Amino acid sequence: MSIRTALLGAALALLVAGTAAAEPAWRLVPTEPYRLNNKQDALAFGTPTVGLYGNGTGRVFRTDDAGAHWRPVWHHPGTYVRALDMVDADTGFMGNVGPGYFDGVTDPRPLFVTHDGGSRWTPVAPVTGPPVTGICAIDVLKVDGRVAAVRAGGRVGGPAGMMTSLDGGATFTARDMGAVTGMILDIHFVDEKTGFIAGASASDEGVAHARILKTTDGGDTWRAVFDSPRAGDNDWKLAFPSARVGYATIMSYGAPATEARGYVVKTEDGGEHWRKQVVTTDHGWIPYGIAFLDERRGWVGGATGGYETLDGGDTWHPAHMGLSTNKIRFLPLPDGGTRALAIGHDLFALDLPPPGK
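What you are looking at is a predicted structure, and each value in this text was computed from that prediction instead of being measured.

So, how was this worked out
Along every chain, residues carry numbers that run from 1 in the direction the sequence is written. It should be noted that, the model being predicted, local features are given only for residues of pLDDT at least 70 and side-chain atom pairs only at 80 or more, the latter also being counted only at that level, while totals for whole chains, interfaces and linings use all residues. The basis for every side-chain value is the complete set of non-hydrogen atoms in the structure, without hydrogens or water. Only strands that DSSP links by at least two bridges are regarded as paired with each other. Under the DSSP-based scheme used, a helix requires at least four consecutive residues in state H or I and a strand at least two consecutive residues in state E, with every element numbered from the N terminus. The convention used is that axes are lines fitted to C-alpha atoms, helices contributing only their stretch in contact, and that angles between N-to-C directions extend from 0 to 180 degrees. Accessibility here uses a 1.4 Å probe with only protein chains present; expressed as a share of the type maximum, an area under 20% marks a residue as buried, one over 50% as exposed, and anything in between as partly exposed. Ring pairs shown here join Phe, Tyr and Trp side chains whose ring centres sit within 6.5 Å, with only the six-membered ring taken for Trp; geometry is labelled stacked below 30 degrees between planes, edge-to-face above 60, and tilted in between. Comment: the charge-over-ring label is applied if NZ (Lys) or CZ (Arg) is within 6 Å of the ring centre and within 35 degrees of the ring normal. One speaks of a salt bridge when a side-chain nitrogen belonging to Lys or Arg is within 4 Å of a carboxyl oxygen belonging to Asp or Glu.

Asks: Help me out: how do you make sense of the sheet that holds strand E23 (residues 298-302) in this one?
Replies: Think of a sheet as strands paired side by side through backbone hydrogen bonds, with each pair either parallel or antiparallel. Spatially, four strands are ordered E22-E23-E24-E25 in an open sheet, and the strand pairing comes out antiparallel. Each edge of the open sheet is held by one strand with a lone partner, namely strand E22 (287-292) and strand E25 (317-319). Geometrically, the sheet is characterised by an average inter-axis angle of 30° between neighbouring strands, direction not taken into account. Pairing geometry for strand E24 (residues 306-309) and E25, over three bridges, is antiparallel. By the bridge assignment, Gly-306 is partnered in E25 with Ala-319.

Asks: Whenever I open this one, the sheet that holds strand E13 (residues 173-176) confuses me. Can you help?
Replies: With antiparallel pairing, the four strands of this open sheet are ordered in space as E10-E11-E12-E13. The sheet terminates laterally at strand E10 (137-143) and E13, the two strands that pair on one side only. For this sheet, the mean angle separating the axes of adjacent strands, direction not counted, is 20°. Bridge count for E10 against strand E11 (residues 146-154) is seven bridges, and the pairing is antiparallel. When the sheet's bridge partners are listed, Val-143 is paired in E11 with Arg-146.

Asks: Honestly, unusual backbone geometry in this entry has me stumped. Any pointers?
Replies: Of all residues except glycine, most have a negative phi; of all peptide bonds, most are trans. Along the chain, Gly-154 connects to Arg-155 via a cis peptide bond; the corresponding omega equals -5°. Considering the arrangement of structural elements, one finds Arg-155 in the loop between E11 and strand E12 (161-165). In the segment running from Gly-158 into Pro-159, the intervening peptide bond is cis, with an omega of -5°. With respect to the helices and strands, the residue Pro-159 is situated in the loop between E11 and E12. Of note, the phi angle at Ala-66 is positive, near 60°, even though the residue is not glycine. Mapped onto the elements, Ala-66 comes out in the loop between strand E4 (59-63) and strand E5 (71-75). Residue Ala-66 is classed as buried on the basis of its relative accessible area, which comes to 10%. Positioned with a positive phi, Ser-324 is a non-glycine residue whose angle comes to about 55°.

Asks: Quick question: what am I supposed to make of the packing of aromatic side chains here?
Replies: Any pair of aromatic rings gets described here by the distance separating the centres and the angle formed by the planes. This structure, assessed with the given rule, holds 17 aromatic pairs. Here Tyr-247 and Phe-292 contribute two aromatic rings whose centre-to-centre distance is 3.7 Å and whose plane-to-plane angle is 5°, an arrangement assigned as stacked. One end of the pair, Tyr-247, is in strand E19 (residues 246-252); the other, Phe-292, is in strand E22, with 45 residues separating them in the sequence. Residues Tyr-247 and Phe-292 agree in their burial class; the two are buried. Ring geometry for Phe-292 versus Trp-316: centroids 6.3 Å apart, planes at 85°, classification edge-to-face. Here Phe-292 is found in strand E22, whereas its partner Trp-316 is found in the loop between E24 and E25, with 24 residues between them in sequence. Here the two residues Phe-292 and Trp-316 agree in accessibility, since each one is buried. Among the aromatic side chains, those forming a connected cluster through ring pairs are Phe-45, Tyr-53, Phe-61 and Trp-70. A cation sits over an aromatic face here: Arg-151 above Phe-189, 3.6 Å from the ring centre. Between Lys-276 and the ring centre of Tyr-263, over which it is positioned, the NZ or CZ distance is 4.5 Å.

Asks: Looking at this structure, how should I read the pattern of salt bridges?
Replies: Opposite charge on two side chains lets them pair, provided their charged atoms get close. Under the criterion given, the structure shown has 17 salt bridges. Taking the shortest distance from any N to any O, the salt bridge between Arg-71 and Asp-64 comes out at 3.5 Å. Given a relative accessible area of 42%, Arg-71 falls into the partly exposed group. Salt-bridge contacts for Arg-146 lead to Glu-192; the nearest nitrogen and oxygen are separated by 3.0 Å. With Arg-146 in strand E11 and Glu-192 in the loop between strand E14 (183-189) and strand E15 (195-200), this residue pair connects regions lying 46 residues apart in the sequence. Glu-192 gets classed as partly exposed once you look at its relative accessible area, which sits at 38%. Connected via shared salt-bridge partners are Arg-27, Arg-339 and Asp-351.

Nothing here speaks to function; it is geometry throughout.
Written as C-alpha coordinates, this is what we have:
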(Lines give C-alpha, C1' and ligand atoms only; values in the text may rest on other atoms or scores of the structure.)
Protein backbone atom coordinates (compact mmCIF):
# COMPACT_ATOMS: atom_id res chain seq x y z
CA MET A 1 0.00 0.00 0.00
CA SER A 2 1.38 3.42 -0.95
CA ILE A 3 1.76 6.22 1.58
CA ARG A 4 -0.73 8.30 -0.41
CA THR A 5 -3.35 5.48 -0.30
CA ALA A 6 -2.80 5.01 3.41
CA LEU A 7 -3.23 8.74 4.06
CA LEU A 8 -6.40 8.85 2.00
CA GLY A 9 -7.76 5.86 3.89
CA ALA A 10 -6.96 7.45 7.24
CA ALA A 11 -8.61 10.72 6.18
CA LEU A 12 -11.72 8.89 5.07
CA ALA A 13 -11.87 7.00 8.36
CA LEU A 14 -11.62 10.25 10.29
CA LEU A 15 -14.37 11.80 8.15
CA VAL A 16 -16.68 8.84 8.76
CA ALA A 17 -15.92 8.90 12.48
CA GLY A 18 -16.58 12.63 12.63
CA THR A 19 -19.88 12.22 10.82
CA ALA A 20 -20.96 9.44 13.17
CA ALA A 21 -20.00 11.54 16.18
CA ALA A 22 -22.07 14.42 14.86
CA GLU A 23 -25.23 12.32 14.56
CA PRO A 24 -27.82 13.44 17.14
CA ALA A 25 -28.20 10.99 20.01
CA TRP A 26 -30.94 10.25 22.51
CA ARG A 27 -30.15 11.60 25.99
CA LEU A 28 -31.61 10.78 29.38
CA VAL A 29 -33.75 13.59 30.82
CA PRO A 30 -33.55 13.96 34.63
CA THR A 31 -36.92 13.02 36.14
CA GLU A 32 -38.25 11.41 39.30
CA PRO A 33 -37.31 7.69 39.36
CA TYR A 34 -40.14 5.29 38.54
CA ARG A 35 -40.13 1.81 40.07
CA LEU A 36 -43.73 0.60 40.05
CA ASN A 37 -43.45 -1.53 36.91
CA ASN A 38 -41.65 -1.56 33.57
CA LYS A 39 -42.94 1.68 32.06
CA GLN A 40 -44.63 5.02 32.33
CA ASP A 41 -47.36 5.41 29.74
CA ALA A 42 -48.50 8.98 29.25
CA LEU A 43 -46.88 12.05 27.66
CA ALA A 44 -48.53 15.02 25.91
CA PHE A 45 -47.84 18.61 24.90
CA GLY A 46 -50.29 21.50 24.58
CA THR A 47 -47.72 23.88 23.07
CA PRO A 48 -44.13 23.47 21.86
CA THR A 49 -42.94 24.21 25.41
CA VAL A 50 -45.72 23.13 27.82
CA GLY A 51 -46.32 19.44 28.43
CA LEU A 52 -47.32 16.81 30.97
CA TYR A 53 -46.35 13.25 31.73
CA GLY A 54 -47.96 10.81 34.14
CA ASN A 55 -47.55 7.30 35.48
CA GLY A 56 -49.03 4.42 37.44
CA THR A 57 -48.28 5.95 40.84
CA GLY A 58 -50.96 8.59 40.25
CA ARG A 59 -48.45 11.35 39.56
CA VAL A 60 -48.45 14.05 36.91
CA PHE A 61 -45.41 16.19 36.06
CA ARG A 62 -45.21 19.41 34.01
CA THR A 63 -42.59 21.04 31.83
CA ASP A 64 -42.51 24.66 30.66
CA ASP A 65 -39.28 24.42 28.65
CA ALA A 66 -39.98 21.74 26.01
CA GLY A 67 -39.12 18.83 28.25
CA ALA A 68 -35.76 19.96 29.60
CA HIS A 69 -37.01 20.17 33.19
CA TRP A 70 -40.04 18.66 34.93
CA ARG A 71 -41.80 19.35 38.23
CA PRO A 72 -44.57 17.45 40.04
CA VAL A 73 -47.97 19.14 39.87
CA TRP A 74 -50.47 16.46 40.94
CA HIS A 75 -50.55 13.23 42.97
CA HIS A 76 -53.51 10.96 43.67
CA PRO A 77 -52.64 7.46 44.98
CA GLY A 78 -54.90 4.79 43.52
CA THR A 79 -55.15 6.50 40.14
CA TYR A 80 -53.17 4.95 37.29
CA VAL A 81 -52.36 7.65 34.74
CA ARG A 82 -52.54 5.67 31.50
CA ALA A 83 -53.17 8.37 28.87
CA LEU A 84 -52.81 12.12 28.39
CA ASP A 85 -53.61 14.56 25.61
CA MET A 86 -53.75 18.34 25.65
CA VAL A 87 -55.73 21.05 23.88
CA ASP A 88 -53.40 23.92 24.82
CA ALA A 89 -51.15 24.97 27.70
CA ASP A 90 -54.05 24.96 30.17
CA THR A 91 -56.61 22.37 29.08
CA GLY A 92 -55.88 18.66 28.91
CA PHE A 93 -57.42 15.24 29.49
CA MET A 94 -56.14 12.36 31.56
CA GLY A 95 -57.19 8.71 31.41
CA ASN A 96 -57.14 6.35 34.40
CA VAL A 97 -56.94 2.61 33.67
CA GLY A 98 -59.42 1.88 36.49
CA PRO A 99 -59.62 -0.90 39.09
CA GLY A 100 -59.40 -4.60 38.36
CA TYR A 101 -56.36 -4.87 36.10
CA PHE A 102 -53.34 -3.55 38.04
CA ASP A 103 -52.85 -4.06 41.76
CA GLY A 104 -53.38 -0.98 43.90
CA VAL A 105 -55.62 0.89 41.45
CA THR A 106 -58.69 1.95 43.42
CA ASP A 107 -59.92 5.05 41.55
CA PRO A 108 -63.02 4.14 39.47
CA ARG A 109 -63.19 7.45 37.60
CA PRO A 110 -61.95 6.89 34.03
CA LEU A 111 -61.48 10.39 32.63
CA PHE A 112 -60.35 13.74 34.04
CA VAL A 113 -59.95 17.26 32.68
CA THR A 114 -57.64 20.10 33.76
CA HIS A 115 -57.98 23.79 32.94
CA ASP A 116 -54.91 25.01 34.82
CA GLY A 117 -52.12 23.08 33.17
CA GLY A 118 -52.28 19.98 35.32
CA SER A 119 -52.42 21.23 38.90
CA ARG A 120 -56.10 20.35 39.41
CA TRP A 121 -58.08 17.58 37.69
CA THR A 122 -61.86 17.21 37.63
CA PRO A 123 -63.59 13.89 36.83
CA VAL A 124 -65.54 13.84 33.56
CA ALA A 125 -68.81 11.92 33.52
CA PRO A 126 -70.67 11.13 30.29
CA VAL A 127 -74.03 12.82 29.92
CA THR A 128 -75.44 9.73 28.19
CA GLY A 129 -74.38 6.12 27.71
CA PRO A 130 -73.10 3.29 29.90
CA PRO A 131 -70.24 3.66 32.41
CA VAL A 132 -66.70 3.27 31.02
CA THR A 133 -64.40 1.17 33.23
CA GLY A 134 -61.03 2.61 32.27
CA ILE A 135 -59.14 4.65 29.69
CA CYS A 136 -55.97 3.64 27.79
CA ALA A 137 -56.09 6.14 24.92
CA ILE A 138 -57.07 9.77 24.31
CA ASP A 139 -57.20 11.50 20.93
CA VAL A 140 -57.70 15.27 20.67
CA LEU A 141 -58.42 16.04 17.01
CA LYS A 142 -57.76 19.58 15.84
CA VAL A 143 -58.94 20.89 12.48
CA ASP A 144 -57.88 24.37 11.33
CA GLY A 145 -56.89 25.25 14.87
CA ARG A 146 -60.16 24.23 16.51
CA VAL A 147 -60.86 21.15 18.59
CA ALA A 148 -63.13 19.06 16.39
CA ALA A 149 -63.42 16.09 18.73
CA VAL A 150 -62.05 14.52 21.88
CA ARG A 151 -62.20 10.74 22.19
CA ALA A 152 -61.11 8.54 25.09
CA GLY A 153 -61.26 4.76 25.08
CA GLY A 154 -60.23 1.68 27.00
CA ARG A 155 -59.18 -0.61 28.22
CA VAL A 156 -56.47 -3.28 28.37
CA GLY A 157 -58.12 -6.56 29.35
CA GLY A 158 -61.54 -5.04 28.59
CA PRO A 159 -64.27 -4.07 28.76
CA ALA A 160 -64.18 -1.89 25.65
CA GLY A 161 -65.83 1.51 25.93
CA MET A 162 -65.41 4.95 24.40
CA MET A 163 -66.25 8.48 25.52
CA THR A 164 -66.68 11.11 22.79
CA SER A 165 -67.03 14.89 22.85
CA LEU A 166 -67.91 16.95 19.79
CA ASP A 167 -68.08 20.26 21.66
CA GLY A 168 -64.44 20.72 22.57
CA GLY A 169 -64.60 18.55 25.67
CA ALA A 170 -67.48 20.35 27.38
CA THR A 171 -69.70 17.25 27.37
CA PHE A 172 -69.12 13.57 26.61
CA THR A 173 -71.27 10.66 25.56
CA ALA A 174 -70.30 7.06 26.26
CA ARG A 175 -70.63 3.94 24.14
CA ASP A 176 -70.10 0.23 24.73
CA MET A 177 -67.67 -0.96 22.01
CA GLY A 178 -67.73 -4.65 22.95
CA ALA A 179 -69.51 -5.64 19.74
CA VAL A 180 -66.49 -4.68 17.61
CA THR A 181 -63.45 -5.01 19.90
CA GLY A 182 -62.52 -6.62 23.19
CA MET A 183 -60.19 -3.76 24.14
CA ILE A 184 -59.33 -0.21 23.10
CA LEU A 185 -55.60 0.46 23.44
CA ASP A 186 -55.10 3.43 21.11
CA ILE A 187 -57.21 5.85 19.06
CA HIS A 188 -56.12 8.01 16.16
CA PHE A 189 -58.24 10.10 13.79
CA VAL A 190 -56.60 11.46 10.63
CA ASP A 191 -59.54 13.79 9.93
CA GLU A 192 -63.09 14.37 11.15
CA LYS A 193 -64.43 11.31 9.38
CA THR A 194 -61.58 8.80 9.25
CA GLY A 195 -60.17 7.19 12.37
CA PHE A 196 -58.61 4.02 13.75
CA ILE A 197 -58.72 2.00 16.95
CA ALA A 198 -55.99 -0.33 18.14
CA GLY A 199 -57.49 -3.24 20.02
CA ALA A 200 -58.09 -6.97 20.12
CA SER A 201 -60.78 -9.40 19.06
CA ALA A 202 -61.57 -10.38 22.66
CA SER A 203 -61.01 -9.09 26.17
CA ASP A 204 -59.21 -12.30 27.16
CA GLU A 205 -55.58 -11.62 26.23
CA GLY A 206 -54.82 -15.33 25.93
CA VAL A 207 -57.28 -15.97 23.10
CA ALA A 208 -57.49 -12.53 21.47
CA HIS A 209 -56.14 -11.67 18.05
CA ALA A 210 -54.74 -8.18 17.46
CA ARG A 211 -57.36 -6.04 15.74
CA ILE A 212 -57.33 -2.68 13.96
CA LEU A 213 -60.68 -0.97 13.40
CA LYS A 214 -61.45 1.78 10.92
CA THR A 215 -64.29 4.30 10.65
CA THR A 216 -65.11 6.59 7.73
CA ASP A 217 -68.18 8.24 9.25
CA GLY A 218 -66.71 9.95 12.29
CA GLY A 219 -67.02 6.95 14.57
CA ASP A 220 -70.66 6.04 14.04
CA THR A 221 -69.69 2.66 12.57
CA TRP A 222 -66.48 0.64 12.76
CA ARG A 223 -65.12 -2.35 10.85
CA ALA A 224 -62.06 -4.54 11.30
CA VAL A 225 -59.33 -3.93 8.70
CA PHE A 226 -56.70 -6.14 10.35
CA ASP A 227 -56.80 -9.23 12.55
CA SER A 228 -53.56 -10.98 13.43
CA PRO A 229 -53.31 -14.67 12.53
CA ARG A 230 -52.12 -15.76 15.98
CA ALA A 231 -54.04 -15.88 19.27
CA GLY A 232 -52.49 -14.14 22.25
CA ASP A 233 -52.02 -10.86 20.36
CA ASN A 234 -53.18 -7.29 20.73
CA ASP A 235 -52.61 -4.09 18.79
CA TRP A 236 -50.92 -1.67 21.18
CA LYS A 237 -50.19 1.67 19.48
CA LEU A 238 -50.83 3.47 16.18
CA ALA A 239 -48.83 6.01 14.17
CA PHE A 240 -50.06 7.80 11.03
CA PRO A 241 -47.50 10.18 9.49
CA SER A 242 -50.01 10.76 6.67
CA ALA A 243 -53.57 9.82 5.84
CA ARG A 244 -52.35 7.02 3.56
CA VAL A 245 -49.38 5.62 5.49
CA GLY A 246 -49.76 4.19 8.97
CA TYR A 247 -48.03 1.83 11.38
CA ALA A 248 -49.11 -0.22 14.40
CA THR A 249 -47.32 -2.29 17.05
CA ILE A 250 -48.56 -5.84 17.56
CA MET A 251 -47.84 -7.61 20.86
CA SER A 252 -47.62 -11.36 20.31
CA TYR A 253 -47.19 -13.17 23.59
CA GLY A 254 -47.57 -16.58 21.97
CA ALA A 255 -44.62 -16.14 19.59
CA PRO A 256 -42.17 -19.06 19.38
CA ALA A 257 -38.68 -18.73 20.87
CA THR A 258 -37.19 -17.93 17.47
CA GLU A 259 -39.23 -14.72 17.17
CA ALA A 260 -39.68 -11.48 19.06
CA ARG A 261 -42.90 -11.23 21.04
CA GLY A 262 -44.24 -8.67 18.65
CA TYR A 263 -43.81 -6.85 15.38
CA VAL A 264 -44.99 -3.83 13.38
CA VAL A 265 -47.62 -3.74 10.65
CA LYS A 266 -47.81 -1.07 7.94
CA THR A 267 -50.51 0.27 5.64
CA GLU A 268 -49.96 2.32 2.49
CA ASP A 269 -53.58 2.62 1.38
CA GLY A 270 -55.23 4.44 4.25
CA GLY A 271 -55.62 1.43 6.51
CA GLU A 272 -57.40 -0.94 4.15
CA HIS A 273 -54.54 -3.45 4.01
CA TRP A 274 -51.65 -4.13 6.40
CA ARG A 275 -48.39 -6.04 6.05
CA LYS A 276 -46.00 -7.34 8.68
CA GLN A 277 -42.59 -5.76 9.30
CA VAL A 278 -40.06 -7.63 11.44
CA VAL A 279 -38.13 -5.31 13.75
CA THR A 280 -35.94 -7.82 15.62
CA THR A 281 -35.78 -11.53 16.45
CA ASP A 282 -34.96 -10.84 20.12
CA HIS A 283 -37.50 -13.01 21.95
CA GLY A 284 -37.50 -10.67 24.93
CA TRP A 285 -38.59 -7.73 22.80
CA ILE A 286 -42.22 -6.66 23.22
CA PRO A 287 -43.18 -3.57 21.18
CA TYR A 288 -44.92 -0.61 22.82
CA GLY A 289 -45.01 2.95 21.48
CA ILE A 290 -44.43 3.97 17.86
CA ALA A 291 -44.12 7.34 16.12
CA PHE A 292 -43.01 8.58 12.70
CA LEU A 293 -41.55 11.96 11.86
CA ASP A 294 -42.57 11.40 8.25
CA GLU A 295 -43.48 8.40 6.11
CA ARG A 296 -39.89 7.10 6.18
CA ARG A 297 -38.31 7.94 9.52
CA GLY A 298 -39.71 6.57 12.74
CA TRP A 299 -39.05 4.89 16.06
CA VAL A 300 -40.59 2.03 17.98
CA GLY A 301 -40.09 1.35 21.68
CA GLY A 302 -39.81 -2.08 23.22
CA ALA A 303 -39.19 -4.01 26.41
CA THR A 304 -35.48 -4.51 25.71
CA GLY A 305 -34.91 -1.24 23.83
CA GLY A 306 -35.98 0.93 20.93
CA TYR A 307 -35.37 0.79 17.19
CA GLU A 308 -35.24 3.37 14.39
CA THR A 309 -36.07 3.09 10.70
CA LEU A 310 -35.07 5.42 7.87
CA ASP A 311 -36.82 3.53 5.08
CA GLY A 312 -40.41 3.19 6.18
CA GLY A 313 -39.89 0.12 8.31
CA ASP A 314 -38.16 -2.11 5.76
CA THR A 315 -35.08 -2.17 8.01
CA TRP A 316 -34.58 -1.23 11.66
CA HIS A 317 -31.52 -0.56 13.81
CA PRO A 318 -31.18 -0.09 17.59
CA ALA A 319 -31.97 3.34 19.04
CA HIS A 320 -30.71 4.10 22.55
CA MET A 321 -33.95 5.65 23.75
CA GLY A 322 -34.39 3.64 26.94
CA LEU A 323 -36.44 0.60 27.89
CA SER A 324 -40.15 0.05 27.32
CA THR A 325 -40.84 3.34 25.52
CA ASN A 326 -44.62 3.69 25.38
CA LYS A 327 -45.21 7.19 24.02
CA ILE A 328 -43.18 9.38 21.63
CA ARG A 329 -44.02 13.02 20.95
CA PHE A 330 -42.48 15.55 18.53
CA LEU A 331 -41.98 19.27 19.25
CA PRO A 332 -40.89 22.03 16.85
CA LEU A 333 -37.68 23.80 17.90
CA PRO A 334 -36.98 27.51 17.37
CA ASP A 335 -34.22 26.75 14.83
CA GLY A 336 -36.60 24.74 12.62
CA GLY A 337 -35.50 21.41 14.01
CA THR A 338 -37.53 18.85 15.95
CA ARG A 339 -37.29 17.51 19.46
CA ALA A 340 -38.49 13.96 20.06
CA LEU A 341 -39.39 12.95 23.60
CA ALA A 342 -39.90 9.30 24.53
CA ILE A 343 -41.26 8.02 27.83
CA GLY A 344 -41.08 4.49 29.19
CA HIS A 345 -39.07 3.33 32.16
CA ASP A 346 -37.31 6.72 31.86
CA LEU A 347 -37.69 9.86 29.76
CA PHE A 348 -35.34 10.43 26.80
CA ALA A 349 -34.97 13.31 24.33
CA LEU A 350 -33.51 13.63 20.83
CA ASP A 351 -32.89 16.94 19.03
CA LEU A 352 -32.96 16.67 15.26
CA PRO A 353 -31.62 19.43 12.98
CA PRO A 354 -33.81 21.25 10.46
CA PRO A 355 -34.36 19.36 7.19
CA GLY A 356 -31.38 19.62 4.89
CA LYS A 357 -28.85 20.41 7.63
